[in-house]
Amino acid sequence: MNDGIFGIAALATIATICSIVTHLLIKKFVIAVFVSGLLSALFFQFAAYFNLGQLDPFYLFAAFASFLISCAISTIIGSVMLKRVNS
């Protein structure tokens, strides 16, 4: 398995778990999305640090990109959870 695919799968898994937990704990949708994005990016950077053994030289770009991807995943999961609650 390629390292890039492993990283994307790790980010998607971390973002999904953080999204579900934050949407269950925080009732405001927008705040839950941003908190989930921040936590997911932070946990992903820690996982990348532990995997590489050093800080990624482009960690600022990676943190921003993982924040955006995590916010997108959180928006999708949050809207599905909101749809189920309202129906």
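Residues numbered from 1 in each chain as written. Predicted model: local features only at pLDDT ≥ 70, side-chain atom pairs only at ≥ 80, totals over all residues. Heavy atoms only, no water.

Participant: Tell me what's going on with the overall build of the protein chain, and back it up with residues and numbers.
Facilitator: Within the protein chain one finds three helices and zero strands. When the helices and strands of the protein chain are listed from N to C terminus, the series reads α-α-α. With respect to the principal axes defined by its C-alpha atoms, the protein chain has extents near 45 × 25 × 15 Å. Going through the 87 residues of the protein chain one by one, you find that 28% of them count as buried. (Helix = DSSP H or I, 4+ residues; strand = E, 2+ residues; numbered from the N terminus. Buried < 20%, exposed > 50% of the residue type's maximum accessible area, 1.4 Å probe, protein only.)

Participant: Talk me through helix H3 (residues 59-86); I want residue IDs and the actual numbers.
Facilitator: Spanning 28 residues, H3 covers 39 Å between terminal C-alpha atoms, matching the ideal 40 Å at 1.5 Å per step. For H3, the complete set of buried residues consists of Ser-66, Phe-67, Ser-70, Cys-71, Ile-73, Ser-74, Ile-77 and Gly-78. (Expected span 1.5 Å × (residues − 1).)

Participant: So, the packing of aromatic side chains: which residues are in play, and what are the values?
Facilitator: Following the criterion strictly, the structure yields two aromatic pairs and no others. Ring centres of Phe-34 and Phe-67 lie 6.4 Å apart, and the angle between their planes is 10°; on these two criteria the pair is classed as stacked. Taken together, the positions of Phe-34 in helix H2 (residues 29-52) and Phe-67 in helix H3 put the pair 33 residues apart, joining distant regions of the chain. (Phe/Tyr/Trp six-rings, centres within 6.5 Å; stacked < 30°, edge-to-face > 60°.)

Participant: Describe in detail the side chain of Ser-74, supporting the description with residues and values.
Facilitator: Here Ser-74 lies in helix H3. Apart from the residues lying within four places of it in its own chain, the contact partners of Ser-74 are Ser-19, His-23, Ala-32, Val-33 and Ser-36. (Contact = heavy atoms within 4.5 Å.)

Participant: Explain the packing of helix H1 (residues 3-25) against H2 residue by residue, including any values.
Facilitator: The N-to-C vectors of H1 and H2 enclose an angle of 140°; their axes lie 8 Å apart at closest approach. The hand of the H1/H2 crossing is right-handed. Judged by residue contacts, Gly-7, Ala-10, Leu-11, Ile-14, Ala-15, Cys-18, Ser-19, Thr-22 and His-23 of H1 engage Phe-29, Ala-32, Val-33, Val-35, Ser-36, Leu-39, Ser-40, Phe-43, Phe-44 and Ala-47 from H2. Grouping the amino acids of the contact of H1 with H2 by side-chain chemistry returns 13 nonpolar, six polar and no charged. (Axes fitted to C-alpha atoms, helices over the stretch in contact; angles between N-to-C directions. Left-handed = near helix turned anticlockwise from the far one by under 90°. Nonpolar A, V, L, I, M, F, W, Y, C, P; charged D, E, K, R; others polar.)

Participant: Tell me what's going on with the packing of H2 against H3, and back it up with residues and numbers.
Facilitator: Where H2 meets H3, the closest approach of the two axes is 7 Å, and the angle between their N-to-C directions is 140°. Relative to H3, H2 is oriented oblique. With respect to the hand of their crossing, H2 and H3 are arranged in right-handed fashion. The residues of H3 that touch H2, namely those facing Phe-29, Ala-32, Val-33, Phe-34, Ser-36, Gly-37, Leu-38, Ser-40, Ala-41, Phe-44 and Gln-45, are Tyr-59, Ala-62, Ala-63, Ser-66, Phe-67, Ser-70, Cys-71, Ser-74, Thr-75, Gly-78 and Ser-79. Considering only residue class, the contact of H2 with H3 consists of 12 nonpolar, 10 polar and no charged. (Parallel < 35°, antiparallel > 145°, perpendicular 65-115°, else oblique.)

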